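# Structural overview
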Amino acid sequence: MCTCRKNTPLAIGYARSKMDETGKNDQPSILLIEDSDDCARMLKFLFTRQGYTIFHAIDGIEAQTMIDTINRPSVVILDMMLPYANGLQLLAHIRSKPSWSSVPVMLLTSDGTTRTIVKAFELGANDYVVKPYKPMELVVRLKRLSASPPSTGI
Amino acid sequence: MTPHSILSDPLTRLAAILGIVFISFSVTLLGIVVLMRLWRIVGDRRKRQFIDLWSPIFFESMAEIPKTLPGILASDWISFMQLYNSIQESILGEAKEKVNVLARRVGFDRVALKLMRQGRLSHRLTTIIALGNLCEHSAKNDLQELLLDKSPYVSLLAARALLRIDSRLAMDRIAVLCGSREDWSPVGVIEMLNEAGADTVTDPLSKVAAHSPPDDAARVLGFLEATKCTTAVPLARDILGREGLDDRLTIACVRLLAELAGPEDLPIIRGYLQHHNWCVRLHAVKALGRLGSIDDEENMISLLDDENWWVRFRSAEALANTSFMTMARLIDIKTRVSTKAQEVLSPFSITLPSRSKVSI
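Scoring rules and cut-offs
Residues numbered from 1 in each chain as written. Chains lettered and ligands numbered in written order. Predicted model: local features only at pLDDT ≥ 70, side-chain atom pairs only at ≥ 80, totals over all residues. Pairing = 2+ DSSP bridges. Helix = DSSP H or I, 4+ residues; strand = E, 2+ residues; numbered from the N terminus. Axes fitted to C-alpha atoms, helices over the stretch in contact; angles between N-to-C directions. Contact = placed C-beta atoms within 7 Å. Nonpolar A, V, L, I, M, F, W, Y, C, P; charged D, E, K, R; others polar. Core = buried A, V, L, I, M, F, W, Y, C linked by C-beta atoms within 7 Å. Buried ≥ 20, exposed ≤ 12 C-beta atoms within 10 Å, placed from the backbone. Expected span 1.5 Å × (residues − 1).

### Structural notes on the sheet that holds strand β1 (residues 29-33) of chain A
Residue and element names in this part refer to chain A. Strand order across the open sheet formed by five strands is β2-β1-β3-β4-β5, with parallel pairing between neighbours. With one partner strand each, in any of the chains shown, β2 (53-57) and β5 (127-130) form the two edges of the open sheet. If you compare each strand with its neighbour and ignore which way they point, the axes differ by 20 degrees on average. Strand direction decides the pairing type here: strand β3 (residues 75-78) and strand β4 (residues 105-109), joined by three bridges, are parallel. Counted as the bridge partner of L78 is L107 from β4. Here helix α2 (residues 37-48) sits on the sheet in contact with β1, β2 and β3, set at roughly 160 degrees to β2.

Now the structure itself:
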């Protein structure tokens, strides 16, 4: 597991080293954009067990920098309420990048208002999960989104 | 001059003694600050180590509980409880129950019952939340006592915990407190009621609203509205039918109808458009915006000239919100109303409020 809590050149270099020449990951990876330590810890545990490499951004600025510098991951998991930039702004940024336009994005947030859900899908989200969530269900949803799930069962 | 001769002067001696006292006091204070800081650093490090050790165990237990579990020192129970609460608040379903099995296996249920009655307020509050998450039935009596605690934090958290443990039994008592405890945070109460679900809360709250003094009943009607208890609509109709109704109750009932009623209640709502209290007029016109037909257009236009700005503004908003409204129609209305009415219509005649493209 690589946890890029700070967007260091080393972390980005590691992310790049995991890509083949076509820019596709040889190992499925997740860009996790989540500011809560507790929540991120559990998500990292769940997805690392499934064989995913995790890149973690803790706020809007760090997430934006990572989106601009690392190659596309298999899936992006995005929280809605973040410091500096909210989830919808980051989603719009992801979709504006040609190389990231088809990356599956899952919104994982405690904001379950209809307006926000509709807005997220209009901006190109592929899935929307409201916290609290069922861990097993989340893993299955993520596997469905991910192009090549590395293993089965939790 | 020798030191002895200097200190023989009483004033110099006093100054020397004072100096020594101050220096000793400063050094002691500095020592205490350093010790407290070290204590904090050691505590934080210990807590981090505990979380690093126990987080994977908790996560693992959502699928299968590990066969061997590390022991927990008495001083680590607070960290355990905080971690347990944080995990319980972020998950749902079967995983929640499995985490509870783990907590009981390490004896957390017995420890939590003890911690609830002792220690700092923050720790007691964390314990009350934990007992609710744990669905600990043996804590019911203690939690019921805490419902009457003078601290709104303690009593509201105790209510929430009781609802998690046994919602059907606890709700009758909690419904009464929802009306009488003015110090309970409305946001906290709504969160608690939403979590319990409309099916559980509607009947007990409706009973309280029907038989309580106006202040309490109005507060409870507000909670029924906020938790979208549509089955409370007949109650609001009944209360509105009473003679000499208190204004606070009228406002609460019309507000509930404005949010939850269907078109069949339009005749009742129309009857409140000219009420002497501006809050009632405001909610009545708001309801017309949601439910009203083209026949209500003139009613809404007439309220654009209301003496109260809020009623005028909500009337303009209601007009713009109606299903039959178009921009051309709104501009036409604007040309034939007073200057005061034109002013409130202006923001809406630039852009109509956006309507979701998705029908829900």
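### Regarding the interface of chain A and chain B
Contact with chain A, which involves 14 residues of that partner, is made by 16 residues of chain B. Of all the elements in the fold, those that place two or more residues in the side of chain A that touches chain B are α2 and α5 (114-122) of chain A. Looking at the side of chain A that touches chain B element by element, the count peaks at six residues for α2(A). Counted by class, the side of chain A that touches chain B contains nine nonpolar, one polar and four charged residues.

### Let's talk about the nonpolar core
If you look at the biggest cluster of nonpolar residues, it comprises 133 residues, and the most contacted ones within it are I33(A), I77(A), L78(A), L221(B) and L257(B). In terms of residues, this core owes the most to one element, helix α8 (residues 152-180) of chain B, which gives 13 residues. Setting aside residues up to four positions removed in sequence, I33(A) forms contacts with A57(A), A63(A), V76(A), I77(A), L78(A), D79(A), L82(A) and L90(A).

### Observations regarding helix α17 (residues 309-321) of chain B
Spanning 13 residues, α17(B) covers 18 Å between terminal C-alpha atoms, matching the ideal 18 Å at 1.5 Å per step. Within α17(B), burial applies to V311(B), R312(B), R314(B), S315(B), A316(B), A318(B), L319(B) and A320(B).

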